[in-house]
Amino acid sequence: MSWVAKTLSSSLGKKLLMAGTGLFLCTFLIVHLIGNLQLLKEDNGQSFNIYASFMTHNPLIKVISYGLYFFIILHSAVAIWLTILNKKARPADYAVSNTSSTWASRSMMLLGTMLLIFIGLHMVHFWARYHFDNGLSLVSYGTEPMKNLYEIVDAMYDRGNEGWIGFYVISQLVLGFHLSHGFASAFQTFGLNHRKYTPIIKGAGLTFSIVIALGFAIIPILMYLN
Amino acid sequence: MSEGTMSLTLKVWRQKNSTSKGEFKTYPVSGISSDMSFLEMFDVLNEELITKGEESIAFDHDCREGICGMCSMYINGRPHGPKNAITTCQLHMRSFKDGDTITVEPWRASAFPIVKDLAVNRSAFDRIIASGGYVSVNTGNAKDANDILIPKEDADEAFSAAACIGCGACVAACKNASAMLFVSAKVSQLALLPQGKVESQKRVENMVAQMDVEGFGACTNTGACSAECPKGISLEHIARLNREYFSAKLTSNNV
Ligand code: SF4
Ligand code: FES
């Protein structure tokens, strides 16, 4: 094994991969949320559709999106690898356990698994239809005709679909918990722990997880109510 | 002043040897003084067992004053019991109430195999230390202690890391049985001092490699280790371990 592979496959290296990919996925969440907030504009989906079309056609964003898919897979794969090794390191459970750590920090794998299921369904709902469903209606805003993604989203968050709306909202709660530990934890893994900055990082992580979870959760709720 | 005696029910993990299957056995104990230490309470119980012709409960202990780190017991779901920043030998029976049921288990980690009952084999820690937790000193005349100037803050920080007694409570508390807190303390105490800097890259590389070989888990940054550490070793040391390790891996000549 080369020294790079050896470093990245060590216990610390695997954590570095988790932290690096995790923080990249955090930046993606910000972009995704800003895009989605356009669903709330009262313009019958115009700005959202233009945004969606831009995101799928801009070559730079295309490259980044392949990176994104790869990072999601890498983040999940290393997580599974770590979980197996960690379970091997502690094969037997205690009969009584009272350790003081947050539930989120102990449940990252569970939360992550739920998120992976969410991402899969989410891509089936929107991404796959946007890319492969030729029956989608087209709209034009004085531009080339583009697929009307807004229509699918609008139909998804409509009356009669309460089950899916509930699933989306709960998934955002899961995301919030995952981030509440993951964000600050990534910095610690990078070795960035400092008396001055760690409290700021922890505060920022908590704020980030709340803003992201609330931001994503509010969209289906508002669209449902409208 | 003594507050009278107490009666308790102990649920203790009994296991013949490292390969046999263990189980909990329940023992009533009475006449326990609240001023006794937790280990002294076990001494009383063992005396009784021996008198009755039963096998006594094996547990580790040595100094009984919180410095050797031997007294590993997982008491009511926490390493070293319900109090913070102490070892089992420093835990007194006044921390419990008359009539309590107390569950006592050994450290659980595949890197710490159970020898018998509550005693585990922690020599994995020794092998990690042997892989790099030292400074090489040539023989010759002893140097003047103040030859090398060390900032007070660095000395204090190194000392706080050096307070680690190798008890393994961090491993026991961690859901991954990770030894990061221990290794980070041992790396830090030397990395912070000029004498330790000389070998710092090789040290951290070898100690982390040995830690992985021993089968300890990785760190999820839950913080359970530091919360249970009898010496209050801080998570800052784990961050330093990470920094030391990654920068060593990037820049050292060890391919
Ligand atoms: S870091 Fe704390 S808990 Fe871990 S071995 Fe050292 S003293 Fe014990
Ligand atoms: S017996 Fe030495 S620390 Fe408890």
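Residues numbered from 1 in each chain as written. Chains lettered and ligands numbered in written order. Predicted model: local features only at pLDDT ≥ 70, side-chain atom pairs only at ≥ 80, totals over all residues. Heavy atoms only, no water.

**Student:** What should I look at first to understand the packing of aromatic side chains in this one?
**Tutor:** For any pair of aromatic rings, the description rests on two quantities: the centre-to-centre distance and the angle between the ring planes. Residues and elements named next belong to chain A. With the rule as written, the count across this model stands at 27 aromatic pairs over all chains. A centroid spacing of 6.0 Å and a plane angle of 45° characterise the contact between Phe-118 and Phe-167, whose relative ring orientation is tilted. Of this pair, Phe-118 sits in helix H6 (residues 108-132) while Phe-167 sits in helix H8 (residues 162-189); the two residues are 49 residues apart in sequence, bridging distant segments of the chain. Exposure remark for Phe-118: the relative accessible area of 11% places this residue in the buried category. In this structure Phe-167 comes out as partly exposed when scored by relative accessible area, which is 24%. (Phe/Tyr/Trp six-rings, centres within 6.5 Å; stacked < 30°, edge-to-face > 60°. Helix = DSSP H or I, 4+ residues; strand = E, 2+ residues; numbered from the N terminus. Buried < 20%, exposed > 50% of the residue type's maximum accessible area, 1.4 Å probe, protein only.)

**Student:** It is not clear to me how the nonpolar core should be interpreted in this structure. Could you clarify?
**Tutor:** Grouped burial of nonpolar side chains is what soluble globular proteins tend to show. Among the nonpolar cores identified, the biggest contains 70 residues, and Phe-38, Phe-42, Met-93 and Phe-216 of chain B are the most heavily contacted of them. Those residues in contact with Met-93 of chain B that lie beyond four places of it in its chain are Met-6, Leu-8, Ile-32, Ser-33, Ser-34, Met-36, Ser-37, Phe-38, Met-41 and Ile-102 of chain B. Counting residues in hydrophobic clusters, the runner-up holds 39 residues, among them Leu-39, Met-108, Ile-165 and Ile-201 of chain A. (Core = buried A, V, L, I, M, F, W, Y, C linked by side-chain atoms within 4.5 Å. Contact = heavy atoms within 4.5 Å.)

**Student:** So what exactly am I meant to see when it comes to the site of ligand 1 here?
**Tutor:** Residues and elements named next belong to chain B. Every one of the 13 residues lining ligand 1 counts as a neighbour, but Cys-164, Cys-167, Gly-168, Cys-170 and Cys-229 are closest to it. Of all the cavities here, the one that holds ligand 1 is the second largest cavity. Of all elements in the fold, only helix H4 (169-173) and helix H5 (180-191) reach the threshold of two or more residues within the shell around ligand 1. (Near = heavy atom within 4 Å. 1 Å grid on protein atoms, 1.4 Å probe; cavity = no way out; pocket = protein on both sides within 12 Å on 5 of 7 lines; lining within 4 Å. Sits in = over half its atoms within 2 Å of the grid points.)

**Student:** Which parts of the structure should I look at to understand the sheet that holds strand S2 (residues 23-33) of chain B?
**Tutor:** Hydrogen bonds between backbone atoms are what pair the strands of a sheet, whose relative direction is either parallel or antiparallel. All names here are of chain B. If you trace the 5 strands from one edge of the open sheet to the other, you get S2-S1-S5-S3-S4, paired in mixed fashion. The two strands at the open ends of the sheet, each matched to only one other strand, are S2 and strand S4 (78-79). One ladder, built from 4 bridges, connects strand S1 (residues 5-14) with strand S5 (residues 101-105); its direction is parallel. Across the sheet, Val-12 pairs through a bridge with Val-104, a residue of S5. Lying over the sheet, helix H1 (residues 38-51) contacts S1, S2, strand S3 (74-75) and S5, oriented at roughly 105° with respect to S2. (Pairing = 2+ DSSP bridges. Axes fitted to C-alpha atoms, helices over the stretch in contact; angles between N-to-C directions.)

All quantities given are derived from atomic positions and should not be read as evidence of function.
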